Amino acid sequence: DAGITQSPRHKVTETGTPVTLRCHQTENHRYMYWYRQDPGHGLRLIHYSYGVKDTDKGEVSDGYSVSRSKTEDFLLTLESATSSQTSVYFCAISDFRQGESDEQYFGPGTRLTVT
Amino acid sequence: QQQVKQSPQSLIVQKGGISIINCAYENTAFDYFPWYQQFPGKGPALLIAIRPDVSEKKEGRFTISFNKSAKQFSLHIMDSQPGDSATYFCAATSSGGYQKVTFGTGTKLQVIP
């Protein structure tokens, strides 16, 4: 497995509370991504980062913010959690090099339940 | 906007049979088509991928067939085994640098003995 860890792995929180999920990599990959996985929707991109302090929005970014202060860490924050944000969240990394695979490596996921 | 359509949503195959999952895309700028395999409780992992300069790629029991004119590609699992039971996602992206990967909605495969 690629060196990607996510914390926490499971979390239950109440509506309206802030939540921060952490992704940590040991691969020194440039690109990092946050996805959410929901039945019937596959994997949808929330935010991504293309370098330290360089981030941008994905297709489902409303209600989420991110920060990347170090190459190895990418944080996803739900400012005020809602029940619609109950999901499994995956972090992924990639590091394109000319002529090589464009593979994304995924972390083990965080199951978040908002009650 | 669903740019990669995947079917079927679920699939049950007898051990030793052939599993076939189909995907169709819309964006002609896509030039890299990976398939990811996900076991319960795990993150997806790359299974096999193809670029549009070839019509087929085979790795062991797994084959991608690619039809550029129809904008369709499919995954074939030959001699399906119970250990292949997992969720499979097709995806498409424009390669190089940041990858805005668009995933299909997934196919849950069950291989029964």
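This text goes with the structure placed above it.
Report follows, based on the coordinates. For clarity, every value in this text was computed on a predicted model and none was experimentally measured. (Residues numbered from 1 in each chain as written. Chains lettered and ligands numbered in written order. Predicted model: local features only at pLDDT ≥ 70, side-chain atom pairs only at ≥ 80, totals over all residues. Heavy atoms only, no water.)

### Considering the pattern of salt bridges
To be explicit about the condition: Here, a salt bridge means any side-chain nitrogen of Lys or Arg that lies within 4 Å of a carboxyl oxygen of Asp or Glu.
For the structure on display, the rule yields six salt bridges over all chains. If you follow the salt bridges from partner to partner, you end up with Arg22, Lys70 and Asp73 of chain A in one network.

### Here we look at the sheet that holds strand β8 (residues 73-78) of chain A
Residue and element names in this part refer to chain A. In plain terms, the rule: When DSSP finds at least two bridges between two strands, those strands are taken to pair. Segments assigned H or I by DSSP are reported as helices when at least four residues long, segments assigned E as strands when at least two residues long, and all are numbered from the N terminus. Note on geometry: axes are C-alpha line fits, over the in-contact stretch for helices, and angles between N-to-C directions span 0 to 180 degrees.
The antiparallel open sheet is built from four strands, whose spatial order is β1-β3-β8-β7. Every interior strand has two partners, whereas the edge strands, β1 (4-7) and β7 (64-70), have only one. Averaged over all pairs of adjacent strands, the angle between strand axes in this sheet comes to 20°, irrespective of strand direction. In this sheet, β8 lies alongside strand β3 (residues 19-25) in antiparallel orientation, the contact comprising six bridges. Residue pairing for β8: His24 is matched across the bridge by Asp73.

### Regarding unusual backbone geometry
Basically, it comes down to this: Throughout this description, buried means an accessible area under 20% of the type-specific maximum (1.4 Å probe, protein chains only), exposed means over 50%, and partly exposed covers the range between.
Cis rather than trans, the peptide bond between Ser7 of chain A and Pro8 of chain A has omega equal to -5°. Residue Pro8 of chain B is reached from Ser7 of chain B by a cis peptide bond, and omega for that bond is -5°. Tracing the backbone shows Pro8 of chain B in the loop between β1 (4-7) and β2 (10-14). With a phi close to 65°, Lys53 of chain A is a non-glycine residue in the positive phi region. Looking at where Lys53 of chain A falls in the secondary structure, it is placed in the loop between β5 (42-51) and β6 (54-57). A relative accessible area of 70% means that Lys53 of chain A is categorised as exposed. For Lys71 of chain B, which is not glycine, the phi dihedral falls at a positive 55°. Tracing the chain through its elements places Lys71 of chain B in the loop between β7 (62-67) and β8 (72-77). Here Lys71 of chain B falls in the partly exposed class, since its relative accessible area comes to 27%.

### Observations regarding the interface of chain A and chain B
Heads up, the rule is: Note on contacts: a residue pair is in contact if any heavy atoms of the two residues lie within 4.5 Å. Accessible-area loss on putting two parts together, using a 1.4 Å probe and summing over both, is the definition of buried area adopted here. Under this definition, polar contacts are N or O atom pairs within 3.5 Å; protein pairs additionally need one hydrogen-donor-capable and one acceptor-capable atom, and for neighbouring residues in sequence, both atoms have to be side-chain atoms.
Contact residues are listed per partner, giving 22 residues for chain A and 19 residues for chain B. Across the interface of chain A and chain B, roughly 1,700 Å² is buried in total on both sides, 54% from carbon and sulfur atoms. Of all residues in chain A, the largest losses of buried area upon contact with chain B belong to Leu43, Asp102 and Phe106 of chain A, amounting jointly to 30% of the total for that side. Counting the contacts that link chain A with chain B gives zero salt bridges. One can count two residue pairs in polar contact (both at pLDDT 80 or more) joining chain A with chain B. Looking at the side of chain A that touches chain B, the elements with two or more residues in it are β4 (31-38), β5 and β9 (87-94) of chain A.

### Thoughts on the state of the cysteines
This is how it is decided: Disulfides are defined as pairs of cysteine sulfur atoms found within 2.5 Å of each other.
Counted under the stated rule, the structure contains two disulfides over all chains. Note on cysteine connectivity: Cys23 of chain A is disulfide-linked to Cys91 of chain A, with sulfurs 1.9 Å apart. Linking Cys23 of chain A and Cys91 of chain A, the disulfide has an S-S dihedral of approximately -70° and is accordingly described as left-handed. With a gap of 68 residues between them, Cys23 of chain A in strand β3 and Cys91 of chain A in strand β9 connect regions that are remote in the sequence. Assigned by exposure class, Cys23 of chain A and Cys91 of chain A land together as buried. A sulfur-sulfur separation of 1.9 Å characterises the disulfide bridge that pairs Cys23 of chain B with Cys90 of chain B.

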